[in-house]
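# Descriptive structure summary
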Amino acid sequence: MVLLKIEGIHHTYFTKSSATTALSDISLTVEEGEFVSFLGPSGCGKTTLLSIIAGLIKPTEGSITLEDQPIEKLKSQIGYMLQQDYLFPWKTIEENILLGLKLNNLLTSKKKQDTLRLLDQMGLSGFEKQYPSQLSGGMRQRVALVRTLATEPKLLMLDEPFSALDYQTKLRLEDLVSDTLKTFHKTAILVTHDIGEAIAMSDRIFLFSPRPGKILKSFSIPEELRTISPFQARNHELYPEIFQTIWKELEQIETNQ
Ligand SMILES: Nc1ncnc2c1ncn2[C@@H]1O[C@H](COP(=O)(O)OP(=O)(O)OP(=O)(O)O)[C@@H](O)[C@H]1O
(Lines give C-alpha, C1' and ligand atoms only; values in the text may rest on other atoms or scores of the structure.)
Protein backbone atom coordinates (compact mmCIF):
# COMPACT_ATOMS: atom_id res chain seq x y z
CA MET A 1 0.00 0.00 0.00
CA VAL A 2 1.31 3.46 -0.93
CA LEU A 3 1.78 5.61 2.18
CA LEU A 4 3.51 8.68 0.73
CA LYS A 5 2.89 10.10 -2.73
CA ILE A 6 5.02 12.94 -4.09
CA GLU A 7 3.89 14.41 -7.40
CA GLY A 8 5.60 16.98 -9.61
CA ILE A 9 7.49 18.86 -6.89
CA HIS A 10 9.41 21.94 -8.02
CA HIS A 11 10.85 24.34 -5.53
CA THR A 12 12.50 27.71 -5.98
CA TYR A 13 13.80 29.85 -3.12
CA PHE A 14 13.18 33.51 -3.85
CA THR A 15 15.14 36.29 -2.18
CA LYS A 16 15.00 40.03 -2.99
CA SER A 17 17.82 39.71 -5.51
CA SER A 18 17.86 36.06 -6.60
CA ALA A 19 15.93 32.90 -7.34
CA THR A 20 17.48 29.49 -6.58
CA THR A 21 15.73 26.44 -7.96
CA ALA A 22 16.48 23.65 -5.50
CA LEU A 23 14.21 20.89 -6.83
CA SER A 24 12.79 20.08 -10.23
CA ASP A 25 10.06 17.61 -11.11
CA ILE A 26 10.30 15.18 -8.21
CA SER A 27 7.74 12.39 -8.24
CA LEU A 28 7.94 9.22 -6.18
CA THR A 29 5.92 6.96 -3.94
CA VAL A 30 6.89 5.21 -0.71
CA GLU A 31 5.11 2.04 0.36
CA GLU A 32 3.97 1.44 3.92
CA GLY A 33 6.79 -0.25 5.87
CA GLU A 34 9.38 0.68 3.23
CA PHE A 35 12.79 2.18 4.03
CA VAL A 36 14.05 4.52 1.30
CA SER A 37 17.19 6.66 1.07
CA PHE A 38 17.90 9.94 -0.69
CA LEU A 39 21.50 9.99 -1.87
CA GLY A 40 23.13 12.78 -3.85
CA PRO A 41 25.73 15.52 -4.00
CA SER A 42 25.81 18.32 -1.48
CA GLY A 43 23.29 21.06 -2.19
CA CYS A 44 21.07 18.93 -4.47
CA GLY A 45 17.99 19.69 -2.41
CA LYS A 46 17.62 16.62 -0.15
CA THR A 47 16.93 18.66 2.98
CA THR A 48 14.58 20.92 1.04
CA LEU A 49 12.60 17.86 -0.03
CA LEU A 50 12.47 16.54 3.55
CA SER A 51 11.23 19.94 4.73
CA ILE A 52 8.54 19.91 2.03
CA ILE A 53 7.48 16.36 2.98
CA ALA A 54 7.35 17.45 6.62
CA GLY A 55 5.03 20.30 5.64
CA LEU A 56 7.56 22.90 6.84
CA ILE A 57 8.02 24.45 3.38
CA LYS A 58 5.29 24.88 0.80
CA PRO A 59 6.63 23.81 -2.60
CA THR A 60 6.42 26.18 -5.55
CA GLU A 61 4.64 23.41 -7.47
CA GLY A 62 3.40 19.91 -6.83
CA SER A 63 1.61 17.96 -4.14
CA ILE A 64 2.37 15.52 -1.35
CA THR A 65 -0.10 13.17 0.26
CA LEU A 66 0.16 10.78 3.17
CA GLU A 67 -2.49 8.06 3.03
CA ASP A 68 -4.20 10.12 0.28
CA GLN A 69 -4.53 13.22 2.49
CA PRO A 70 -2.63 16.51 2.02
CA ILE A 71 0.52 16.39 4.13
CA GLU A 72 -0.17 19.83 5.73
CA LYS A 73 -3.00 18.25 7.74
CA LEU A 74 -0.85 15.40 9.02
CA LYS A 75 2.31 17.07 10.36
CA SER A 76 1.88 15.26 13.70
CA GLN A 77 2.18 11.91 11.90
CA ILE A 78 5.79 12.62 10.99
CA GLY A 79 8.69 11.86 13.32
CA TYR A 80 12.31 13.03 13.05
CA MET A 81 15.74 11.79 13.85
CA LEU A 82 18.40 14.32 12.96
CA GLN A 83 22.17 14.66 13.07
CA GLN A 84 21.84 16.43 16.43
CA ASP A 85 19.66 14.75 19.04
CA TYR A 86 17.98 18.00 20.23
CA LEU A 87 17.29 16.55 23.67
CA PHE A 88 16.50 19.17 26.30
CA PRO A 89 19.57 19.28 28.57
CA TRP A 90 17.60 20.39 31.64
CA LYS A 91 15.15 17.49 31.40
CA THR A 92 15.83 13.91 32.45
CA ILE A 93 15.87 11.10 29.87
CA GLU A 94 12.40 10.01 31.02
CA GLU A 95 11.04 13.57 30.72
CA ASN A 96 12.61 13.92 27.27
CA ILE A 97 11.11 10.71 25.87
CA LEU A 98 7.64 11.48 27.26
CA LEU A 99 7.60 15.12 26.16
CA GLY A 100 6.05 14.54 22.70
CA LEU A 101 3.25 12.47 24.21
CA LYS A 102 2.67 15.14 26.88
CA LEU A 103 2.58 18.03 24.39
CA ASN A 104 0.12 16.15 22.18
CA ASN A 105 -2.08 15.19 25.15
CA LEU A 106 -1.41 11.51 24.49
CA LEU A 107 0.30 10.62 27.75
CA THR A 108 -1.50 7.71 29.44
CA SER A 109 0.01 5.25 31.94
CA LYS A 110 -0.02 2.58 29.19
CA LYS A 111 1.87 4.86 26.77
CA LYS A 112 4.35 5.70 29.52
CA GLN A 113 4.91 1.99 30.22
CA ASP A 114 5.32 1.22 26.49
CA THR A 115 7.82 4.07 26.06
CA LEU A 116 9.87 3.04 29.09
CA ARG A 117 9.88 -0.56 27.77
CA LEU A 118 11.25 0.73 24.47
CA LEU A 119 13.97 2.60 26.36
CA ASP A 120 14.81 -0.70 28.07
CA GLN A 121 14.95 -2.47 24.67
CA MET A 122 17.44 0.17 23.55
CA GLY A 123 19.67 -0.91 26.45
CA LEU A 124 19.01 2.26 28.43
CA SER A 125 17.18 0.92 31.43
CA GLY A 126 18.57 2.58 34.58
CA PHE A 127 19.23 5.89 32.79
CA GLU A 128 15.68 7.26 33.16
CA LYS A 129 16.57 9.83 35.82
CA GLN A 130 19.87 10.88 34.25
CA TYR A 131 20.39 13.99 32.10
CA PRO A 132 21.49 13.99 28.42
CA SER A 133 24.95 15.35 29.37
CA GLN A 134 25.58 12.14 31.36
CA LEU A 135 25.13 9.98 28.22
CA SER A 136 27.40 9.30 25.23
CA GLY A 137 26.49 10.51 21.70
CA GLY A 138 25.29 7.04 20.68
CA MET A 139 23.15 6.71 23.81
CA ARG A 140 21.61 10.13 23.21
CA GLN A 141 20.71 9.14 19.64
CA ARG A 142 19.01 6.01 21.04
CA VAL A 143 17.03 8.26 23.40
CA ALA A 144 16.13 10.46 20.41
CA LEU A 145 14.84 7.38 18.59
CA VAL A 146 12.67 6.37 21.57
CA ARG A 147 11.29 9.93 21.78
CA THR A 148 10.50 9.83 18.06
CA LEU A 149 8.80 6.43 18.19
CA ALA A 150 6.84 7.26 21.37
CA THR A 151 4.21 9.27 19.48
CA GLU A 152 3.85 6.45 16.91
CA PRO A 153 4.41 8.53 13.76
CA LYS A 154 3.39 7.00 10.44
CA LEU A 155 6.49 8.28 8.67
CA LEU A 156 10.02 8.77 10.01
CA MET A 157 12.48 11.24 8.54
CA LEU A 158 16.09 10.39 9.27
CA ASP A 159 18.29 13.32 8.23
CA GLU A 160 21.90 12.09 8.52
CA PRO A 161 21.23 10.74 12.04
CA PHE A 162 24.50 8.80 12.29
CA SER A 163 26.92 11.25 10.69
CA ALA A 164 28.15 12.80 13.94
CA LEU A 165 28.94 9.43 15.55
CA ASP A 166 32.17 7.44 15.59
CA TYR A 167 32.29 4.55 13.10
CA GLN A 168 31.63 1.66 15.52
CA THR A 169 28.75 3.45 17.22
CA LYS A 170 27.32 4.32 13.81
CA LEU A 171 27.37 0.65 12.69
CA ARG A 172 25.76 -0.52 15.94
CA LEU A 173 23.10 2.17 15.75
CA GLU A 174 22.31 1.37 12.11
CA ASP A 175 21.53 -2.21 13.19
CA LEU A 176 19.45 -1.09 16.14
CA VAL A 177 17.45 1.49 14.17
CA SER A 178 16.87 -0.94 11.29
CA ASP A 179 15.76 -3.73 13.62
CA THR A 180 13.44 -1.41 15.59
CA LEU A 181 11.82 0.06 12.48
CA LYS A 182 11.26 -3.44 11.05
CA THR A 183 9.74 -4.64 14.35
CA PHE A 184 7.29 -1.72 14.37
CA HIS A 185 6.75 -1.93 10.60
CA LYS A 186 7.65 1.77 10.25
CA THR A 187 8.08 3.67 7.02
CA ALA A 188 11.25 5.76 6.85
CA ILE A 189 13.17 8.15 4.61
CA LEU A 190 16.90 8.47 5.22
CA VAL A 191 19.00 11.34 3.89
CA THR A 192 22.65 10.35 3.74
CA HIS A 193 25.95 11.00 1.97
CA ASP A 194 27.12 7.50 2.86
CA ILE A 195 26.60 5.03 -0.03
CA GLY A 196 27.32 2.04 2.23
CA GLU A 197 24.77 3.15 4.79
CA ALA A 198 22.13 3.65 2.09
CA ILE A 199 22.76 0.15 0.65
CA ALA A 200 22.86 -1.55 4.04
CA MET A 201 19.69 0.05 5.42
CA SER A 202 17.37 0.61 2.47
CA ASP A 203 14.80 -1.20 0.40
CA ARG A 204 15.23 1.45 -2.32
CA ILE A 205 17.69 4.26 -2.98
CA PHE A 206 16.87 7.43 -4.93
CA LEU A 207 19.89 9.03 -6.53
CA PHE A 208 19.64 12.83 -6.96
CA SER A 209 21.29 15.03 -9.57
CA PRO A 210 23.12 18.23 -8.57
CA ARG A 211 20.96 21.33 -8.10
CA PRO A 212 18.27 21.63 -9.23
CA GLY A 213 17.76 18.20 -7.70
CA LYS A 214 16.03 15.65 -9.89
CA ILE A 215 15.77 11.92 -9.35
CA LEU A 216 18.30 10.43 -11.75
CA LYS A 217 17.85 6.80 -10.81
CA SER A 218 16.31 4.53 -8.25
CA PHE A 219 17.93 1.30 -7.10
CA SER A 220 15.99 -1.56 -5.54
CA ILE A 221 18.14 -3.42 -3.05
CA PRO A 222 17.98 -7.21 -3.53
CA GLU A 223 16.02 -9.21 -1.00
CA GLU A 224 19.14 -11.08 0.13
CA LEU A 225 20.39 -7.81 1.66
CA ARG A 226 17.06 -6.49 2.84
CA THR A 227 16.37 -9.50 5.05
CA ILE A 228 19.63 -9.29 7.01
CA SER A 229 21.02 -6.64 9.35
CA PRO A 230 22.86 -3.59 7.92
CA PHE A 231 26.11 -4.92 9.38
CA GLN A 232 25.62 -8.29 7.70
CA ALA A 233 24.58 -6.52 4.48
CA ARG A 234 27.91 -4.65 4.42
CA ASN A 235 29.64 -8.04 4.44
CA HIS A 236 27.38 -9.72 1.86
CA GLU A 237 28.92 -10.78 -1.47
CA LEU A 238 26.41 -8.61 -3.41
CA TYR A 239 27.36 -5.45 -1.50
CA PRO A 240 30.59 -4.47 -3.37
CA GLU A 241 28.87 -4.81 -6.74
CA ILE A 242 25.98 -2.51 -5.73
CA PHE A 243 28.45 -0.08 -4.16
CA GLN A 244 30.47 0.05 -7.41
CA THR A 245 27.34 0.64 -9.52
CA ILE A 246 26.22 3.58 -7.37
CA TRP A 247 29.78 4.93 -7.08
CA LYS A 248 30.09 4.96 -10.89
CA GLU A 249 26.77 6.79 -11.21
CA LEU A 250 27.96 9.44 -8.75
CA GLU A 251 31.27 9.78 -10.60
CA GLN A 252 29.35 10.21 -13.84
CA ILE A 253 27.28 12.96 -12.22
CA GLU A 254 30.48 14.79 -11.18
CA THR A 255 32.01 14.42 -14.64
CA ASN A 256 28.91 15.87 -16.29
CA GLN A 257 28.84 18.88 -13.94
N1 LIG B 1 16.36 29.28 2.68
C2 LIG B 1 17.04 29.24 1.53
N3 LIG B 1 17.12 30.31 0.71
C4 LIG B 1 17.78 30.29 -0.46
N5 LIG B 1 18.41 29.18 -0.94
C6 LIG B 1 18.35 28.06 -0.17
C7 LIG B 1 17.68 28.04 1.09
N8 LIG B 1 17.81 26.77 1.62
C9 LIG B 1 18.53 26.07 0.73
N10 LIG B 1 18.85 26.84 -0.34
C11 LIG B 1 19.61 26.41 -1.52
O12 LIG B 1 18.91 25.32 -2.13
C13 LIG B 1 19.83 24.31 -2.55
C14 LIG B 1 19.47 22.97 -1.90
O15 LIG B 1 19.75 23.04 -0.52
P16 LIG B 1 19.51 21.78 0.47
O17 LIG B 1 19.97 22.20 1.83
O18 LIG B 1 18.14 21.30 0.33
O19 LIG B 1 20.53 20.70 -0.16
P20 LIG B 1 21.09 19.33 0.45
O21 LIG B 1 21.10 18.34 -0.65
O22 LIG B 1 20.31 18.96 1.67
O23 LIG B 1 22.57 19.72 0.86
P24 LIG B 1 23.58 18.99 1.88
O25 LIG B 1 23.73 17.60 1.39
O26 LIG B 1 24.83 19.80 1.75
O27 LIG B 1 22.97 19.09 3.25
C28 LIG B 1 21.22 24.81 -2.20
O29 LIG B 1 21.80 25.41 -3.33
C30 LIG B 1 20.97 25.86 -1.13
O31 LIG B 1 21.95 26.87 -1.18
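Data block above holds the structure.
The shown structure was predicted, so the numbers you read here are calculated from the model rather than taken from an experiment.

## Examining the nonpolar core
Note that soluble globular proteins tend to have their nonpolar side chains buried in a common cluster. Counting 60 residues, the largest nonpolar core has Val143, Val146, Met157, Leu158 and Ile189 as the members making the most contacts within it. Residue contributions to this core peak at seven residues, all from helix 4 (residues 137-150). With sequence-adjacent residues up to four places away left out, valine 143 is seen in contact with Asp85, Leu87, Ile93, Asn96, Ile97, Leu124 and Leu135.

## Describing the sheet that holds strand 1 (residues 2-14)
Spatially, the four strands line up as an open sheet ordered 2-1-4-5, and their pairing is antiparallel. In the strand order of this sheet, the two ends are held by strand 2 (19-31) and strand 5 (69-70), each with one partner. By the bridge criterion, nine bridges tie strand 1 to strand 2 in an arrangement that is antiparallel. Across the sheet, the residue bridging to threonine 12 is threonine 21, located in strand 2. Its contacts with the sheet put helix 1 (residues 46-53) on strand 1, strand 2 and strand 4 (61-66), and the angle it makes with strand 2 is roughly 60°.

## Overview of the sheet that holds strand 8 (residues 187-192)
Pairing between sheet strands relies on hydrogen bonds along the backbone, with the strands arranged either parallel or antiparallel. Reading across from one edge, 6-7-8-3-9-10 is the order of the six strands in this open sheet, with mixed pairing throughout. For this open sheet the edge positions go to strand 6 (78-82) and strand 10 (215-220), each flanked by a neighbour on one side alone. Neighbour to neighbour, the strand axes of the sheet diverge by 20° on average, direction disregarded. Of the strand pairs in this sheet, strand 6 and strand 7 (residues 155-159) are connected by five bridges, and their pairing is parallel.

## A closer look at the site of the ligand
The full set of residues close to the ligand is Tyr13, Thr20, Ala22, Ser42, Gly43, Cys44, Gly45, Lys46, Thr47, Thr48 and Arg211. Residue assignment for the shell around the ligand shows that the elements contributing at least two residues are strand 2 and helix 1. It is helix 1 that provides the largest number of residues to the shell around the ligand, a total of three residues. When the residues that make up the shell around the ligand are grouped by side-chain class, the tally is three nonpolar, six polar and two charged.

## Notes on helix 5 (residues 167-183)
Its 17 residues place the ends of helix 5 24 Å apart at the C-alpha level, agreeing with the 24 Å of an ideal helix rising 1.5 Å per residue. Every buried residue belonging to helix 5 is among Leu173, Glu174, Val177 and Ser178, and all of these are buried. When helix 5 is viewed along its axis, its buried side chains cluster within an angular range of 135° and face the same direction. With respect to the buried face of helix 5, the exposed residues turned more than 90 degrees away are Gln168 and Thr183. Residues of helix 5 that are buried make contact with helix 4, helix 6 (195-201) and helix 8 (230-234). Histidine 185 lies just past helix 5 and shows a positive phi near 50°.

## Considerations on the pairing of strand 9 (residues 204-208)
Of all five residues in strand 9, four are buried, a share of seventy percent or more. One ladder, built from four bridges, connects strand 3 (residues 35-39) with strand 9; its direction is parallel. Its bridge partner lying in strand 9, phenylalanine 38 is registered against phenylalanine 206. As paired elements, strand 9 and strand 10 share five bridges and run antiparallel to each other. Of the residues in strand 10, the one forming a bridge with arginine 204 is serine 220.

## With respect to the packing of helix 3 (residues 109-121) against helix 4
Interhelical geometry of helix 3 versus helix 4 gives an angle of 150° and a closest axis separation of 10 Å. Here helix 3 is positioned roughly antiparallel relative to helix 4, judged by the angle of their axes. Considering how the two elements wind past one another, helix 3 and helix 4 form a crossing that is right-handed. Counted together, Thr115, Leu118 and Leu119 of helix 3 and Val146, Leu149 and Ala150 of helix 4 form the full contact between these two elements.

Reading the values: rules and limits
Residues numbered from 1 in each chain as written. Predicted model: local features only at pLDDT ≥ 70, side-chain atom pairs only at ≥ 80, totals over all residues. Core = buried A, V, L, I, M, F, W, Y, C linked by C-beta atoms within 7 Å. Buried ≥ 20, exposed ≤ 12 C-beta atoms within 10 Å, placed from the backbone. Helix = DSSP H or I, 4+ residues; strand = E, 2+ residues; numbered from the N terminus. Contact = placed C-beta atoms within 7 Å. Pairing = 2+ DSSP bridges. Axes fitted to C-alpha atoms, helices over the stretch in contact; angles between N-to-C directions. Near = placed C-beta within 6 Å. Nonpolar A, V, L, I, M, F, W, Y, C, P; charged D, E, K, R; others polar. Expected span 1.5 Å × (residues − 1). Arc of directions from axis to C-beta. Parallel < 35°, antiparallel > 145°, perpendicular 65-115°, else oblique. Left-handed = near helix turned anticlockwise from the far one by under 90°.

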